[in-house]
Amino acid sequence: MSAPLARVPGGIHASVRHDSAAGHVSGSALYLDDIPNVPGSLEAALVLSPHAHARIKAIDLTAALAAPGVVAAILAKDIPGKNDIGPIRPDEPLLPTDMVEYDGQPVAAIAAGTLDQARAAAKLVRVDYEPLAPVLSLDEAIEREQFVAPPQIMTRGDVDAALKTAAHRLSGEFNCGGQDHFYLEGQIAIATPGEGREMHVFSSTQHPTEIQHGVAHLLGIPFNAVTCEVRRMGGGFGGKESQATMIAGIAAVLAWKTRRPVKLRLPRDDDMRATGKRHPFLIRYEVSFDDGGLIDGLDLMLAANGGNVADHTPAVLTRALCHSDNCYWLPNLRFRGYACKTNIVSNTAFRGYGGPQGMFAIETIIEMIARHLSTSPEAVRERNFYGIGRNDVTPYGMKVEDNIIARVLEELDRNVDLARWREEIVAFNRQSTIIKKGLATMPVKFGISFNRPALNQAGALVHVYTDGSVTLNHGGTEMGQGLFIKVAQVVAEAFQIDIDNIRITATTTAKVPNTSPTAASSGSDLNGMAALNAAERIKARMTDVAAEQFNIPAGEIVFQQNRVYAGNRSMSFAELAALSWEKRVSLSATGYYRTPKIHWDFATNSGRPFYYFTYGAAAAEVAIDTLTGESRVLRAELVQDCGQSLNPAIDLGQIEGAFVQGMGWLTTEELFWDEKGRLRTHGPSTYKIPGSRDAPPVFNARILPDAPNREETVFRSKAVGEPPLMLALSVWLAIRDAISSLSDYRLAAKLDAPATPERVLEAVDEIRARAAGSGSAI
Amino acid sequence: MPIRFRLNGMPRAVEGISPTMTVLDYLRGVERLTGTKEGCAEGDCGACTVALAKPGQNGPEFEAVNSCLMVVPQLDGREVLTIEGLAGRDGTLHPVQHALVEADATQCGFCTPGFAMAMFAFSQEPGGKDDDAIHEALAGNLCRCTGYRPIVDACRKLQPVPAGCLKELPVAGGSMSSGANYCNGGQIFHLPKSVDELAVLRAQFPDAILLGGGTDLGLRVSKEREAFPAVIWTVGVSELKRVSDKDGVLEFGAAVTYSEALPLLEKHFPSFAALVRRIGSRQIRNLGTFAGNLATASPIGDTIPCLMALNAEVKLHTQAGSRWLPVEQFILGYRKTAMAQDEFIAAVRIPLLGKDRIFTAYKLSKRFDQDISTVVAAFSLSVTSGVVRDLRAAFGGMAAQAARAKHVEAALNGQPWSEDSIARIDQAIAQDFQPMSDHRGAAAYRLCAAANLVRRVHAETTSGQPAQVWAL
């Protein structure tokens, strides 16, 4: 029998279910808080600062230490190693020594026999603060030049000349808000001291290596003494990249001091107060363009609210600057980025990582240009798209070689007939006085790879056992996005074995070292390739064994559907595995991958930071209530480029989920700090992420068909985690469109994000007044 | 006496734990059933959802509840079903679980057990499974990964199949009832069964917490970890569970939940019912009561403006007897009521609308479902020969307490129901209220939106155009 042509079940490009689906629905999938405490374990609680900015005059632990069940308390002075957990710049103490810089900053931690005891004792810690004036606004931070990292700049051409000479010029400023990750599983870590200086840490983290390094620094021990392990997270979205280090670090210092296992699980309010979020941005712009909307010059300032320390802010800002072009050729530009230091919690990575804010800026500006010229945003975009072979260099000097935005937009239009849809909206608005509808489209071009080249590498470890079963390990972490199943599919494809024969194992720094965070949408690109490399190395050895056994050249050995063929002879994969052992051939291999072609010059903000771009387009219809400002998304149509998708079902889940998350950022999710800098929205009762009714009632997400990645990515797939989030800007633009309808589309709304009912109503009233003043028909 | 109930079909007689231990902590910590998750401990995310069963007329009836907001004695006599009891004893997935798997409706999976339990309870209910019903059933469950589309798809396929662990067992009845009280470590939890018993306890222990559904007080336990020394739980009092609809008056006993009240509200006050469907979530409404909403006297108190506009009354009871008080006189200020220390709320009664009376209520919030209102408005009026008569307008979220808008009423009563008359509203409402600014909305927005809600009533009663985005 010769090799059959049928594909192996569970291989690449198949809609294989999430590996943990049955565990999820039955409640048997284990999260860290589900692991039984070993006897003697302690639970921890934090003492958080009630001030946005204050000097710590004294801390009295007496009452807390005397409370029932309390075993230990820690302050900054109890950290045996270096008191710093800054992921990029060394400016972030785990616990402060003399100053608190945001409301919710951990000041001390307690370990006790039970969680209730720890939380009760935390309330007994007396901290004597001398409150200081906080800096809360971006305006104030810019004025004082108070930054967490140096300003960044990107320039091309002569923007000042372009702004002077153009036919039209607009300028102004607007804002977008931040966003809490609201992963359903709050931050948690369990630190267990081992022999000697060893420390084992279970952490709900996207970056086990950073936990390993952070804990080692804090305890003053080498990296090899710390093991970090994570099987799954209950959601991450960027919020468990650097932020998990604080949690794991405090658990580890308490465990070090008590020599007992310590679990730190933050209650939701502490989680939302103490850990960072998506950066709010202030955007100032001056843009010039011709009568047709062709942009000549753009002077853009992006000010990110970094919070109290740098954390990821410099890198988020770089990515924001790298996405302020979105799909457009800008001949003369100056992009300035400010990483502002304020007295709020330090903002951090969040799905899109600055990309959403950059695109928010340029797309809002494009919409303003369109209103100014009484034309459509689509028409303005059309004039400004990157060309093919010309006008194709980004502001950071990378040539856009894979531009398929026109194809993506055609695909969207083919699905929905935008012209007719637009007519329906206009007709509705003509006869409806209170409710107004809006429609907008949104093109997305998103760069894939970490801006910092060093992070674009990955490792994997694959073992084949003599019964043919396989265990798979790699540096990527599973937070629900389906990374583990995708990488398993790659290995199933390589070995041509059923995916059920592959056991996916927890990520641990003890198996694959020096890993990158699972972030920047890169999980399957990097780890899929590393695992493929490992599997191919084992497969090559097994091929040689088979070739010798069958006495034919290795090139004629074929792995197919759980068997290994040599012409019409064959044996099972398991038999070959057993035979390889007999022949004393290693069935274990590490795999490694580094992304080719990329380079980046931090000094000039230029290079080729991205291996490739991924594209998408969306159209969204909304309705607004001009009496109350309430809004609702009625329909969304999405097309997302996934290359040749490794798993269409998983990718579709990422597309839909990212879109709704992006909608939330732009509509209902409002972070509210009071005048003293205290976050007032720190639980789901006050911070409103979308619910099921908020998802568009007509919601069609499609994967762009027949679009293999032109670069040699893992089986020509593309990354998908972040890009579709920015499709939700269609909702933002549609709300603006609905408001603009009140001026007969001649004026642009004065609106900041999120478009809460309050902001929408204010914008409605403002545009009506302006339209009446300018004599425009309503 | 121990607390008696059944858990996934197995009898339990629990002793030696605090009576203010939450059901969530009990399940995870004592029973080691860790499928039920803590996502927020404030009844908003639904990850802790479990189902309670009781014998009904047509077999067992199930209701989804937030286990984080309940304390263990509230399980008295009940059958509790958790995610671990949903599948068959051999591990065969329940059709609800199967539907979620088939729809690719799980990503991180942390919210999934809660969704599965809410969906299970929903699957057992009579009635259609259209999108509106599905969203209502899911409003108490948050998912941050999927965008909900696959979960909603899974809901469309639901069939009322019994839970795996309960297939061969009768659902627990009242025979499992616990004793008159439950004590542990100096804490006492009273479970009175009659109004008389409750009145005696109320007089005897004036400092004891009166607990109904616990959706408000539960937060103090769940989040603040308060251990109340003494609690008197009203829900076991059968007289307080009575509902009556006769002689032109609707009367709800104090322990009647929102969910139990909904069918009659739907019949007589559809707009009130629509607003009640937006109070909390299904999980919250299965526990929360009108009496609780009144007793907490929240400045927003979604039902309070409605009850004021409808001229409803509260029955206050003591050992000596009872008295009826208009809701308007019951609410005295910020979280302050006219209830004396030995009194408790026994019932709420609402006079039915007279002929040609219009009642409408609106809720403004950042999110449609399960959000605390920025503004609540309730209007009861007649329009005869184009003239407004007997307008009662009440608002929540506009002052330290929910209150009538007397200037608004005066500006419109006896006036033509016209845009000209409505133009006087903005000034009138500013005379009635000086709202505060907070994270739910600035004072200016509250005033403007509240006035515009009068415009909405006008539009809805005079034009055929849509006046709400959610009506599209």
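Residues numbered from 1 in each chain as written. Chains lettered and ligands numbered in written order. Predicted model: local features only at pLDDT ≥ 70, side-chain atom pairs only at ≥ 80, totals over all residues. Heavy atoms only, no water.

## Let's talk about the sheet that holds strand 10 (residues 199-203) of chain A
All names here are of chain A.
In step 1: The sheet built from eight strands is open, its strands ordered 3-5-1-12-9-10-11-20 with mixed pairing. If you trace the sheet from one side to the other, it starts and ends with strand 3 (70-74) and strand 20 (507-508), each paired once.
In step 2: The pairing of strand 3 with strand 5 (residues 106-112) spans four bridges and is antiparallel. Across the sheet, the residue bridging to Ala72 is Ala111, located in strand 5.
In step 3: Against the sheet, helix 6 (residues 208-219) engages strand 10, strand 11 (226-230) and strand 20, with an angle of about 145° to strand 11.
In step 4: Together, strand 1 (42-48), strand 3, strand 5, strand 9 (188-193), strand 10 and strand 12 (262-265) form the strand contacts of helix 7 (residues 243-258), whose direction differs from that of strand 3 by roughly 125°. (Pairing = 2+ DSSP bridges. Helix = DSSP H or I, 4+ residues; strand = E, 2+ residues; numbered from the N terminus. Contact = heavy atoms within 4.5 Å. Axes fitted to C-alpha atoms, helices over the stretch in contact; angles between N-to-C directions.)

## Re a negative patch on the surface
In step 1: Side chains of Glu410, Asp413, Asp417 and Glu423 of chain A sit close together on the surface and give a patch of like negative charge.
In step 2: Relative to the assigned elements, Asp413 of chain A resides in helix 12 (residues 405-416). (Patch = residues over 30% accessible without salt bridge, like charges linked within 9 Å, V, L, I, M, F, W, Y side chains within 5 Å. Areas by Shrake-Rupley, 256 points an atom, 1.4 Å probe, with all protein chains shown as cover. Salt bridge = Lys/Arg side-chain N within 4 Å of Asp/Glu carboxyl O. Lys, Arg positive; Asp, Glu negative; His and termini not counted. Charge placed at Lys NZ, Arg CZ, Asp CG, Glu CD.)

## Describing the packing of aromatic side chains
In step 1: Counted by the stated rule, this structure contains 27 aromatic pairs over all chains.
In step 2: With 5.6 Å between their ring centres and 70° between their planes, Phe395 of chain B and Phe433 of chain B make a pair best called edge-to-face. Taken as a pair, Phe395 of chain B in strand 19 (residues 387-396) and Phe433 of chain B in the loop between helix 17 (425-432) and helix 18 (443-462) lie far apart in primary sequence, 38 residues in all. The pair Phe395 of chain B / Phe433 of chain B is uniform in exposure class, with both members buried.
In step 3: One cation-aromatic arrangement involves Arg422 of chain A over Tyr745 of chain A; the distance from NZ or CZ to the ring centre is 5.8 Å. (Phe/Tyr/Trp six-rings, centres within 6.5 Å; stacked < 30°, edge-to-face > 60°. Buried < 20%, exposed > 50% of the residue type's maximum accessible area, 1.4 Å probe, protein only. Lys NZ or Arg CZ within 6 Å of the ring centre and 35° of its normal.)

## A word on the packing of helix 14 (residues 483-495) of chain A against helix 15 (residues 523-550) of chain A
A pair of packed helices is characterised by two quantities: the angle between their axes and the separation of those axes.
Residue and element names in this part refer to chain A.
In step 1: Orientation of helix 14 relative to helix 15, taken along the N-to-C sense of each, is 30°, at an axis distance of 9 Å. As the angle between them shows, helix 14 and helix 15 are arranged roughly parallel. Crossing of helix 14 over helix 15 shows right-handed handedness. Of the residues in helix 15, those touching helix 14 at Leu483, Lys486, Val487, Val490, Val491, Ala494 and Phe495 are Gly523, Ser524, Asn527, Gly528, Ala531, Leu532, Ala535, Ile538 and Lys539. (Parallel < 35°, antiparallel > 145°, perpendicular 65-115°, else oblique. Left-handed = near helix turned anticlockwise from the far one by under 90°.)

## Regarding empty space enclosed by the protein
In step 1: Inspection of every chain in the model, using the stated rule, returns 15 cavities of 30 Å³ or more.
In step 2: Taken as a whole, the largest cavity encloses approximately 210 Å³ of empty space.
In step 3: Around the largest cavity, the lining comprises 19 residues; the ones closest to its centre are Ser631, Thr668 and Asp694 of chain A together with Lys366 and Trp470 of chain B.
In step 4: Here the element with the most residues in the lining of the largest cavity is strand 28 (residues 631-640) of chain A; it accounts for three residues.
In step 5: Split into classes, the residues belonging to the lining of the largest cavity amount to seven nonpolar, five polar and seven charged.
In step 6: Of the voids in this model, the second largest cavity is the one considered here, and its volume is about 140 Å³.
In step 7: Around the second largest cavity, the lining comprises 15 residues; the ones closest to its centre are Glu185, Gly186 and Arg265 of chain A together with Glu38 and Phe110 of chain B. (1 Å grid on protein atoms, 1.4 Å probe; cavity = no way out; pocket = protein on both sides within 12 Å on 5 of 7 lines; lining within 4 Å. Points joined across faces, edges and corners; volume = space filled by probe spheres on them. Nonpolar A, V, L, I, M, F, W, Y, C, P; charged D, E, K, R; others polar.)

## As for the pairing of strand 7 (residues 187-190) of chain B
All names here are of chain B.
In step 1: The pairing of strand 6 (residues 181-184) with strand 7 spans four bridges and is classified as antiparallel. Across the sheet, residue Asn184 finds its bridge partner in strand 7, namely Gln187.
In step 2: Hairpin connection of strand 6 to strand 7: two residues between the antiparallel strands, including Gly185 at a positive phi of 50°.
In step 3: Here strand 7 runs beside strand 9 (residues 230-233); their pairing, made up of three bridges, is parallel. Bridge pairing links Phe189 to Val231 in strand 9.

## Notes on the pattern of salt bridges
In step 1: Here the structure, examined in full by the defined rule, presents 87 salt bridges over all chains.
In step 2: The structure contains a network of salt bridges with shared partners spanning Asp33, Asp34, Lys263 and Arg265 of chain A together with Arg28, Lys37 and Glu38 of chain B.

## Here's the deal with the confidence of the model for chain B
In step 1: In this model, chain B carries an average pLDDT of 95, and 99% of its residues clear a pLDDT of 70 or more.
In step 2: The complex prediction reports pTM at 0.98, with the ipTM value standing at 0.97. (pLDDT = per-residue confidence, 0-100.)

## Topic: the interface of chain A and chain B
In step 1: Across the contact, 82 residues belong to chain A and 73 residues belong to chain B.
In step 2: Carbon and sulfur atoms make up 54% of the area that chain A and chain B hide from each other, which totals about 6500 Å².
In step 3: Its largest share of buried area at the contact with chain B, chain A owes to Val25, Leu184 and Arg693 of chain A, together 13% of the area lost on that side.
In step 4: Linking chain A to chain B there are 17 salt bridges.
In step 5: Of the charged contacts in the structure, one is a salt bridge between Arg144 of chain B and Glu669 of chain A, with a shortest N-O distance of 2.6 Å.
In step 6: At the junction of chain A with chain B, the criterion picks out 41 residue pairs in polar contact (both at pLDDT 80 or more).
In step 7: Among the elements that take part in the side of chain A that touches chain B, helix 17 (residues 648-666) of chain A stands out by supplying eight residues, more than any other.
In step 8: In terms of residue class, the side of chain A that touches chain B is made up of 32 nonpolar, 26 polar and 24 charged. (Buried area = accessible area lost by both parts, 1.4 Å probe. Polar contact = N/O pair within 3.5 Å; in protein donor to acceptor, adjacent residues only side chain to side chain.)

## Quick look at the nonpolar core
In step 1: Membership of the largest hydrophobic core comes to 165 residues, with the highest contact counts inside it found for Phe360, Phe495 and Ile739 of chain A.
In step 2: With 13 residues, the single largest contributor to this core is helix 15 of chain A.
In step 3: Residues Ala21 of chain A together with Ala105, Ala154 and Ala163 of chain B belong to the second largest nonpolar core, which totals 57 residues. (Core = buried A, V, L, I, M, F, W, Y, C linked by side-chain atoms within 4.5 Å.)

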